Amino acid sequence: MAESAYSFAAIEAKWPSVWDELGVFTPHDDGSRPRRYVLDMFPYPSGDLHMGHAEAFAMGDVVARYWRLKGFDVLHPIGWDSFGLPAENAAIKRNAHPAEWTYANIETQAASFKRYALSLDWSRRLHTSDPAYYRWTQWLFLRFYERGLAYRKNHPVNWCPKDQTVLANEQVVNGVCDRCGTPVTKKALNQWYFKITDYADRLLDDMTELEGHWPERVLAMQRNWIGRSEGAHVDFAIEATDAQGGQSERKVTVFTTRPDTLYGATFFVVAADADLAAELVTPERAGALAEYQDRVKALSEIERQNTDREKTGVFLGRYAINPLSGERLPVWAADYVLADYGTGAIMAVPAHDQRDLDFARAFGLPVRPVLDTGEEDPTASGIATAGEGTIINSGPLDGLSKTDGIAKAIEIVESAGTGSGTVNYRLRDWLLSRQRFWGAPIPIIHCDVDGEVPVPDDQLPVQLPDDLRGEQLAPKGTSPLAAAEHWVNVTCPKCGGAAKRDTDTMDTFVDSSWYYLRYLSPDYAEGPFDTEAAKSWMPVAQYVGGVEHAILHLLYSRFFTKVMKDMGLIDFDEPFASLMNQGQVLNGGKAMSKSLGNGVDLGEQLDLFGVDAVRLTMVFASPPEDDVDWADVSPSGSAKFLARAWRLGQDVLSEPGTDPAGGDRALRAVTHRTLAEASELVEAHKFNVVIAKVMELVNATRKAIDNGPGGSDPAVREAVEAVAIILSLVAPYTAEDLWGTLGHEPSVANAAWPAHDPSLLVEETVTAVVQVQGKVRDRLDVAPDIAEDALRELALASPNVKRILDGRDIRTVIVRAPKLVNIVPA
RNA sequence: GCCCCAGUAGCCCAAUCGGCAGAGGCAGCGGACUUAAAAUCCGCCAAGUCAGGGUUCGAGUCCCUGCUGGGGCACCA
C-alpha cells in the first residue's frame, strides 16, 4: 500500500455522508438493549457555536459514544432554547421578526454541530419557540395553575430598566441584571409566580439522592440558595396607643433563629417598605415614616445591599410586648430588615446580633447581654457576641447553653400559645412573567366578569402574532403584545363577553424546565410527552453543561419534575441522575470577551487544526470540570498525535479477523490494560487520562512495529483496533478512517468495546519495594501472588537491608504483598 | 462575614486502600534520516507536592492552622 499523508480536511470530507446514510446515532428504542439517556444542555442560538460549546459538547460526546460502544441504546438528542431577548433586540434593530434571526442562527449552529461530528440523533430536534413545543409549555402552565402553583400577586419586584422587564431573583446578580449588567430597581407590579417555595423541603431533601453524582459545589449552591434555617415564630402583642384607648388585639409575629436570646430583645424592627410599617405607625409619626420610605425607595439595589452602610430607621411611636419578659419594646422601621424574608419583622437583640447592635448604637437604644460567651461585653466593644455561651439575665433560661436555651424557649412560647418552632427559607417564589415579546404567551384571559380565565386546552397554543416588526417590539414597560389589539381582544371562554389576553410571556427558563422530556416523543400530540417513553428513558443518565446553571435551570427543572410527579405524569423525583459541569474555555487566564479582545473563533480553529484536533485538545487539556486555557494547550500537538495514531493503520499487515492469540504478549498486555483502564477512566469522567493512556498504547504499538515483532504480528492489529475504538470517543473522523484502513466497514461507532482479557493483565513478576524506616533500600522482583511470609523473608535477606540495619534489632515489619515491605528498626 | 473547590517539573496535568512522586502532553535540549529544511523516528532534561504543625512503620493523599487563587451566598434575623 502506498504511504499517504494524514489530511484532516480529506477525512472530514469523506465520512459525514456515510454516517448520515447509516443513521448511526438514532437509538433503536425497542428494548433490545438497556437504554441510556445522555444529554447536553441545549444551546441558545446566539450566532454560531463558540469555543465553550466545543468543549461542553466534546465532553458529552465522550460519554454518549462510550456507552454506545458498551452496548447500550443511547439517546443523545439536540435542540434549541430558542426564545429569549437577544432575538428580540436583533429584530428591533433590523426591523424584522425575532423568528428570522432565531431560525437563521439555528441553521448556522446545526451545520457547525454536524461538522463537529457529534453522535447526535437529529430526528428528535426541537426548538422551544416552535408553537408545537410551546403549546405544551402553556399546557403545563395551566396544570400548575389548576394546582394553585401558578398565581398572580402584587409585589415589589426586580426591574431591569434597560431590558424593560421584571427579573426573577435568580437573575439578579450583585444587584445588576445578569443579562445586561444594568443596576436593578424595585417596582411594585402584579406578576405571575410559580410556587416553588412549596417544594423547598423536597428540593432540599431529594439532594441526598444526587450526592456523589452531582458536583458537590452545585449541591452546595442549591442548598445555599434554598437557605433553610431553623428557628421560631414568636408573637409580639402591639400596645394600643392612647388615642385608640383600651387594649389592641394586634399581634406581630417575628422569625428568629435565636429564641434563646428573647430576654435580650431591646427593640423591635419592621421592614420599612412593608405594609406593616404603615399599619403600625402612630398618626404623629406617619409623616416621619413617609419621609423615610421615600429615602429608602430612592436607593438602588446595589446601595441597599451594601452592608457597610450606616444603619437608618425611624421610630413608629408604638410599642411591642415581649411575650416572655412582658417588656415594652419600641417599634422601629428600618431598611436593614427585609420585607420578604421571614415575616418582615424582627425582635432586635443588639448584644448578640451585629446588625441590631449597629442600629442600637446609631439610635442610642439599650444593649443587654443575655449570653455569657467569655468575650468582651458587646456594650463596650461594639462587637456582638453571636457564638456559644451560657444564658444569663433570662429568668427561666438562665444557666442553659445556647442549644438548650433555644429548645427551652420554644417550649415556653409553645405552651403559652405565643409562638412555635419553625423553619424558614431564603428561597422565594419564581417570578415567571416577562414584559417581552419573544416568549411563550401566558395562556390566561382576563374578563371583567369572570376574572382570570384559563385558555381551554383545545385552544392551545396561544400563538404569538407574526405581524409585529422592529419598533413595534420595543420594550415600553408593558409587553409589546399589549399593542397588538387584534391579538389581545378576545371573547371570554366562560361568558362569551369581551375580554383580553394576558400580554406577558413566560421566562425562558420555563421552556427549558421540561425540554428533556419532550425529546423522548418530540411529535407526541396527546400531551407534553409520552409517559411510556418517559418511563423507559428517564431519568437522564448523564447531563452535561456549564456551572452557570447551577441554580437557575437546574433548580427549576428539579421543581418541574417534582410537580409533574405529583401530577402523575412521571414516577421519579429527580430528572438528572448524574451531572457533569465542564469548565470554561479561557484565553490567557481570562474568559474570552469582546472588550478584552481575547476571543478565539471556533471556526478558525477547526480550519487550522481540524475538528478532531480541537476536540482532542479540549478533552486532553484537563479534567472535564477544570477550565481550559487555550493559551496553555497545543492543538497542533493534538493534530500531530492524531496523525501518528492514524499512520499506525498503514503498518498493520495482518488481515481483519486475525486471531490475536499468538501475538506479542507484551504488546497485548498493554492493549488489554489500556482497554481496562480506559473503561474505568471514562466512567470516572477522567477523560484527559484516557487520552494519556491511548498515547501510551500508540507509543507501544509504534515501538512494536519499528523495533519489535513488526506490523505482521497479530498483536499489532489488535492494538491498532483498540486505538481506533478508544479514539472514536474524541476524534470520530480519524478513528473512522483508521477503522476503514484496518479493513472494517463503517462505522467504528458501532464497533463493540473489546472486552479485556484479565489473564493478559497478570504480570509475571512485580517489583516489591523494600523500605527501612520508610526509605527505599532495595527492590525485589517477585511473583505477584507471593505470600506475606515469603516476601518478609526475602526482604530481611536483602544484603542492602542487612547493611542498613547494621545489626540493629527489628521492632516490626510491615508487609503489603506483593508491593512493599517496610522494616522498622527498634 | 459564611460556605464550596483547588494549589505536584518552566507550562497543562497523572499518581486505587495512605505504600517507589511521574503516566501522557507542551516547551526546551540532543541524536538519526536529509545536500539542507520540514515532516518523521529515537533519546535527554526537570519538581519532592503552597507553608507550618499533627496522626502513622510510612502522608501529595487523612486531621488542624495559615497563605494564595477560583467560585457561590450575603443587612436572610
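Going by the structure above, here's the rest.
Residues numbered from 1 in each chain as written. Chains lettered and ligands numbered in written order. Predicted model: local features only at pLDDT ≥ 70, side-chain atom pairs only at ≥ 80, totals over all residues. Heavy atoms only, no water.

Engineer: Please clarify how the protein's contact with RNA strand B should be interpreted in this entry.
Structural biologist: The environment of RNA strand B is formed by 49 residues, the closest being T257, R355, M695, R779 and N822. Each atom of RNA strand B within 4 Å of the protein was assigned to sugar, phosphate or base; sugar and phosphate come to 61%. Within the contact set of RNA strand B, a base nitrogen lies 3.3 Å away from a side-chain nitrogen or oxygen of Q771. By residue number, the principal contributor to the surface near RNA strand B is helix 24 (residues 687-707), which donates seven residues. Class assignment of the residues belonging to the surface near RNA strand B gives a composition of 18 nonpolar, twelve polar and 19 charged. (Near = heavy atom within 4 Å. Polar contact = N/O pair within 3.5 Å; in protein donor to acceptor, adjacent residues only side chain to side chain. Helix = DSSP H or I, 4+ residues; strand = E, 2+ residues; numbered from the N terminus. Nonpolar A, V, L, I, M, F, W, Y, C, P; charged D, E, K, R; others polar.)

Engineer: Would you mind showing me how to read helix 20 (residues 602-609) here?
Structural biologist: Working note: α-helix, 3.6 residues per turn, so residues spaced by three or four point in the same direction. Among the residues of helix 20, those classed as buried are L602, Q605 and L606. Considered in projection along helix 20, the buried side chains sweep an arc of 100° and stay on one side of the axis. Exposed positions of helix 20 whose direction lies more than 90 degrees from the buried face are D607 and L608. In this fold, the buried residues of helix 20 make contact with helix 1 (8-14), helix 3 (51-69), helix 5 (98-115), helix 21 (611-621) and helix 22 (635-648). Capping the start of helix 20 is the job of one residue whose side-chain oxygen sits 3.2 Å from the backbone nitrogen of G603: D601. (Buried < 20%, exposed > 50% of the residue type's maximum accessible area, 1.4 Å probe, protein only. Arc of directions from axis to C-beta. Contact = heavy atoms within 4.5 Å.)

Engineer: So what exactly am I meant to see when it comes to the pattern of salt bridges here?
Structural biologist: Opposite charge on two side chains lets them pair, provided their charged atoms get close. As enumerated under the stated definition, the model contains 40 salt bridges in all. Residue K693 is joined to E696 by a salt bridge in which the shortest nitrogen-to-oxygen separation is 3.8 Å. Placement of both K693 and E696 in helix 24 is noted, with a separation of three residues, approximately one turn of the helix. Taking relative accessible area as the criterion, E696 reaches 42% and is therefore assigned partly exposed. (Salt bridge = Lys/Arg side-chain N within 4 Å of Asp/Glu carboxyl O.)

Engineer: What is the right way to read the nonpolar core from this model?
Structural biologist: Within soluble globular proteins, side chains that are nonpolar tend to cluster in buried spots. Grouped together as the largest cluster of nonpolar side chains are 95 residues, with contacts concentrated most on F141, W430, Y516 and F560. Looking at this core, the element that brings in the most residues is helix 6 (residues 131-146), giving nine residues. Those residues in contact with F141 that lie beyond four places of it in its chain are A150, W192, F194, L432, I442, P443, I444 and M506. (Core = buried A, V, L, I, M, F, W, Y, C linked by side-chain atoms within 4.5 Å.)

Engineer: I would appreciate a short explanation of the packing of helix 20 against helix 21 in the present structure.
Structural biologist: Packed helices, taken two at a time, are described by their axes: the angle between them and the distance between them. For the pair helix 20 and helix 21, the least separation of the axes is 6 Å and the interaxial angle reads 115°. It follows that helix 20 is roughly perpendicular to helix 21 by the angle criterion. Counted together, L602, Q605, L606 and F609 of helix 20 and V611, A613 and V614 of helix 21 form the full contact between these two elements. A breakdown of the residues in the contact of helix 20 with helix 21 according to their chemical character gives six nonpolar, one polar and no charged. (Axes fitted to C-alpha atoms, helices over the stretch in contact; angles between N-to-C directions. Parallel < 35°, antiparallel > 145°, perpendicular 65-115°, else oblique.)

Engineer: Quick question: what am I supposed to make of the sheet that holds strand 26 (residues 542-546) here?
Structural biologist: The strands making up a sheet associate through hydrogen bonds between their backbones, and the pairing can be parallel or antiparallel. A sheet is described by the order of its strands in space; here four strands give the open sequence 2-1-26-27, paired in parallel fashion. Because the sheet does not close on itself, it has two edges, and the strands there are strand 2 (73-75) and strand 27 (579-582). On average, each strand axis in the sheet is inclined to that of its neighbour by 20°, with strand direction left out of account. Alignment of strand 1 (residues 35-40) against strand 26, held across three bridges, turns out to be parallel. When the sheet's bridge partners are listed, V38 is paired in strand 26 with Q542. (Pairing = 2+ DSSP bridges.)

Engineer: Help me understand the environment of L791 in this model?
Structural biologist: Examined against the element boundaries, L791 turns out to sit in helix 28 (residues 788-797). Judged by relative accessible area, which is 0%, L791 ranks as buried. Residues L791 and V821, 30 residues apart in the sequence, show an inter-C-alpha distance of 7.7 Å. Aside from chain neighbours lying at most four places away, what touches L791 is A768, L780, V782, I786, V815, A817, P818, L820 and V821.

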